[in-house]
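# Observations on chain architecture
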Amino acid sequence: MTPRRQRQGQSRRVEGSTAWLGWLVQSAGHELMLFASVGILLFGLDDLLFDALWFGAGRTRRDAVRGRDPVSGTVAVFVPAWREAAVLPATLTHMLRSWAGEDVRLYVGCYPNDAATLMAVAPLVARDRRVRLVIGAAAGPTTKGDNLNRMWRALGEDERAEGRRFAAVVLHDAEDRVHPAEIALYRAHLAQDAMVQIPVVPHYGPGQRWVGGHYADEFAEAHGKELALRSRLRLPLPSAGVGTALTRNALSLLAIERGGDPFRADSLAEDYEVGMLLDAFGLSARFVDAVDDDGTRIVSRGEFPARVEVAARQKARWVVGIALAGWDHVAWPAARPDDGPRGASRAWAARWMLWRDRRAPLAAIVILAAYIGMILAGLAMAGEALFGWSAIDIGDTLRWLLAFNAVLLLWRLSMRFLFTARCYGLRAGFAAVPRAFVANLIAVLAARRAIACYWTMERSGRVVWDKTDHPAVEAPRPLLLSEAWLR
């Protein structure tokens with residue numbers, strides 16, 4: 001036998017021996033791509049409808065805070081802390097300086113077994129009467145909701161001892177950088193609404209461009225479009241947990257409903273639940289995106305994780321609290337009698353928003369299937385070139401699905417670019433396009449961890465504050481209204 005015939009025979013043997021593998025790779029890739037395409041189509045149409053409503057309702061204009069009768073009285077600021085010695089002193093100092101002319105009191109919730117944080121804030125407590133240290137009896141960490149409830153009880157003790165009643169409660173985290181006009185904004189709007197939420201703007205440095213930057217992209221779109229539209233349509237508005245103000249009366253109502261404490265101590269998304277529960281009681285909430293007299297946007301700025309594993313852990317906590325345990329804690333909205341004829345349509349719109357909040361685990365499964373399907377499709381193409389595997393016809397249905405989903409993907413990326421550029425500038429807007437794939441990876445990892453955490457919680461019955469550690473950062477330069485070219 002000639003060498004040429006020997007090579008042809010070997011090629012046929014290799015092709016025959018790998019034929020089953022080619023069939024498996026191609027079939028699995030085809031089915032995964034079909035499943036992912038249908039899922040992406042449904043999610044894409046869901047987002048497209050929301051975008052159409054946002055454009056139809058009109059873009060939210062950022063107004064100056066003026067022309068309202070402000071709410072008077074002392075405003076309490078709740079800052080829960082567990083192992084925050086590195087950031088908390090700078091945060092409290094910044095708050096006290098920013099709100100030097102405001103009637104505020106900062107409640108700092110600490111734990112008896114967190115000596116580093118206690119020692120870090122002790123000098124501030126000693127020299128400024130506006131700082132109130134609240135140390136619970138139980139060792140930490142418990143949950144953020146439990147920590148907030150301890151501060152709520154301390155506020156009640158102060159009211160009885162001093163013969164006063166606080167006007168409102170503001171929620172912030174230990175690493176937040178507040179705006180000087182924030183309290184004035186709350187006072188202006190809490191006369192009409194039980195809860196006010198301002199935009200949250202993540203800060204990220206050059207070394208945090210990918211992981212930290214994806215938070216900036218997501219918050220820019222969520223707080224530039226999602227919450228803005230919900231507020232405009234007067235639908236249930238979730239609290240972000242920071243940059244949130246609630247009237248004293250609203251929290252009192254929640255406390256009565258829950259047997260004395262307004263926040264759920266067995267939840268990982270107690271702030272989100274508060275915003276949703278207020279709507280069930282018929283209380284209004286508003287998202288306010290405003291600027292001060294100097295044209296500076298009034299937002300809450302904060303540092304977010306810069307490593308994939310930390311970001312996945314933080315987002316897993318959100319998924320557990322909102323999308324998994326949230327099914328047990330927050331019921332699907334029903335029509336309210338005071339809504340009148342539009343009650344049924346409003347209830348369906350509220351359920352749609354709740355579905356959008358809870359779809360993260362299913363979306364992660366679809367994303368994972370799409371990526372695996374793409375990998376298998378690439379392996380199939382390589383097998384066709386190297387081993388002569390027979391190509392599988394994907395069919396007209398899948399071909400049209402892929403084409404339409406490609407259009408939806410371009411639309412989604414353009415919206416991500418729009419809102420990121422609107423908040424951070426053109427350069428960040430272009431970077432948001434490739435960062436979308438980083439966001440997808442973190443979403444898949446977070447969903448996997450969330451399912452495992454939820455399973456553990458259900459079996460043990462124990463909920464623990466899986467807090468995210470944040471490095472200390474300097475307050476970023478305020479963004480002027482004139483600098484945002486798309487506003």
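In what follows, the structure referred to is the one given above.
My aim in this report is to walk through the structure given alongside it, one point at a time. (Residues numbered from 1 in each chain as written. Predicted model: local features only at pLDDT ≥ 70, side-chain atom pairs only at ≥ 80, totals over all residues. Heavy atoms only, no water.)

## So, the overall build of the chain
Of the regular secondary structure elements, the chain holds 15 helices and 11 strands. Across the 487 residues of the chain, 53% fall into the buried class. Approximately 22,700 Å² of the chain is accessible, and the part contributed by carbon and sulfur atoms is 61%. (Helix = DSSP H or I, 4+ residues; strand = E, 2+ residues; numbered from the N terminus. Buried < 20%, exposed > 50% of the residue type's maximum accessible area, 1.4 Å probe, protein only. Areas by Shrake-Rupley, 256 points an atom, 1.4 Å probe, with all protein chains shown as cover.)

## Quick look at the pairing of strand E5 (residues 168-171)
By the alternation rule, side chains of E5 split into Ala-168 and Val-170 and Val-169 and Leu-171, which are all buried. With 4 bridges joining them, strand E2 (residues 75-80) and E5 adopt parallel strand pairing. If you follow Val-75 over to E5, its bridge partner there is Ala-168. Across 4 bridges, the pairing between E5 and strand E8 (residues 244-247) is antiparallel. Its bridge partner lying in E8, Val-169 is registered against Leu-246. (Pairing = 2+ DSSP bridges.)

## Things to note about the sheet that holds E8
The strand order E4-E3-E2-E5-E8-E6-E9 describes an open sheet built from 7 strands, whose pairing is mixed. Only two strands of the sheet have a single neighbouring strand rather than two, namely strand E4 (131-135) and strand E9 (285-287). Taken pair by pair, the neighbouring strands of this sheet meet at an average axis angle of 20°, ignoring direction. Strand contacts of helix H7 (residues 211-232): strand E6 (195-197) and E9, with the helix running at about 145° to E9, the strand carrying the most contacts. (Axes fitted to C-alpha atoms, helices over the stretch in contact; angles between N-to-C directions. Contact = heavy atoms within 4.5 Å.)

## A short note on the packing of H7 against helix H14 (residues 395-424)
The description of two packed helices rests on the angle between their axes and on the distance between the axes. With their axes 8 Å apart at the nearest point, H7 and H14 run at an angle of 90° to one another. What the angle tells us is that H7 and H14 run roughly perpendicular. Between H7, through Ala-216, Asp-217, Glu-218, Ala-220, Glu-221, Gly-224 and Lys-225, and H14, the contact on the second element is made entirely by Arg-412, Met-415, Arg-416, Phe-419, Thr-420, Arg-422, Cys-423 and Tyr-424. The class makeup of the residues in the contact of H7 with H14 is 6 nonpolar, 2 polar and 7 charged. (Parallel < 35°, antiparallel > 145°, perpendicular 65-115°, else oblique. Nonpolar A, V, L, I, M, F, W, Y, C, P; charged D, E, K, R; others polar.)

## Comments concerning the pattern of salt bridges
Scanning the entire structure with this criterion turns up 34 salt bridges. Of the charged contacts in the structure, one is a salt bridge between Arg-416 and Glu-221, with a shortest N-O distance of 2.9 Å. Residue Arg-416 is found in helix H14, and its partner Glu-221 is found in helix H7; the two are separated by 195 residues along the sequence. Like Arg-416, the residue Glu-221 is buried in the burial classification. Ionic pairing is found between Arg-230 and Asp-357, a salt bridge with its closest N-O pair at 2.7 Å. Of this pair, Arg-230 sits in helix H7 while Asp-357 sits in helix H12 (residues 343-358), and the two are 127 residues apart along the sequence. The exposure class of Arg-230 is buried, given its relative accessible area of 1%. Each of the salt bridges in this network shares a partner with another, and the network as a whole consists of Asp-46, Asp-47, Asp-51, Glu-221, Lys-225, Glu-226, Arg-230, Arg-356, Asp-357, Arg-359, Arg-412 and Arg-416. (Salt bridge = Lys/Arg side-chain N within 4 Å of Asp/Glu carboxyl O.)

## Let's talk about helix H4 (residues 115-127)
Given a rise of 1.5 Å per residue, 13 residues ought to cover 18 Å, and the 19 Å separating the end C-alpha atoms of H4 matches this to within 8%. A bend of about 35° at Val-121 is the largest found in H4, and the proline Pro-123 appears one to four places after it. Those residues of H4 that fall on the buried side of the exposure criterion are Thr-117, Leu-118, Val-121 and Leu-124. Summarising the contacts, the buried residues of H4 are in contact with helix H3 (88-98), strand E3 (104-110) and E4. (Expected span 1.5 Å × (residues − 1). Bend = angle between axes of the 7 residues up to and from the residue.)

## Things to note about unusual backbone geometry
Residue Pro-141 is bonded to the preceding Gly-140 through a cis peptide linkage, with omega at -5°. Counting through the fold element by element, Pro-141 comes out in the loop between E4 and helix H5 (144-162). You will see that Arg-83, though not glycine, has its phi angle at about 55°, which is positive. Judged by its relative accessible area of 58%, Arg-83 falls in the exposed class. The phi dihedral of Arg-234 falls on the positive side, at around 60°, and the residue is not glycine.

## Brief notes about the environment of Val-170
Position of Val-170 among the secondary structure elements: in strand E5. For the pair Val-170 and Leu-106, spaced 64 residues apart in sequence, the C-alpha separation works out to 9.3 Å. Among all residues touching Val-170, those that are not within four sequence positions of it are Val-75, Ala-76, Val-77, Phe-78, Glu-182, Ile-183, Tyr-186, Thr-244 and Ala-245.

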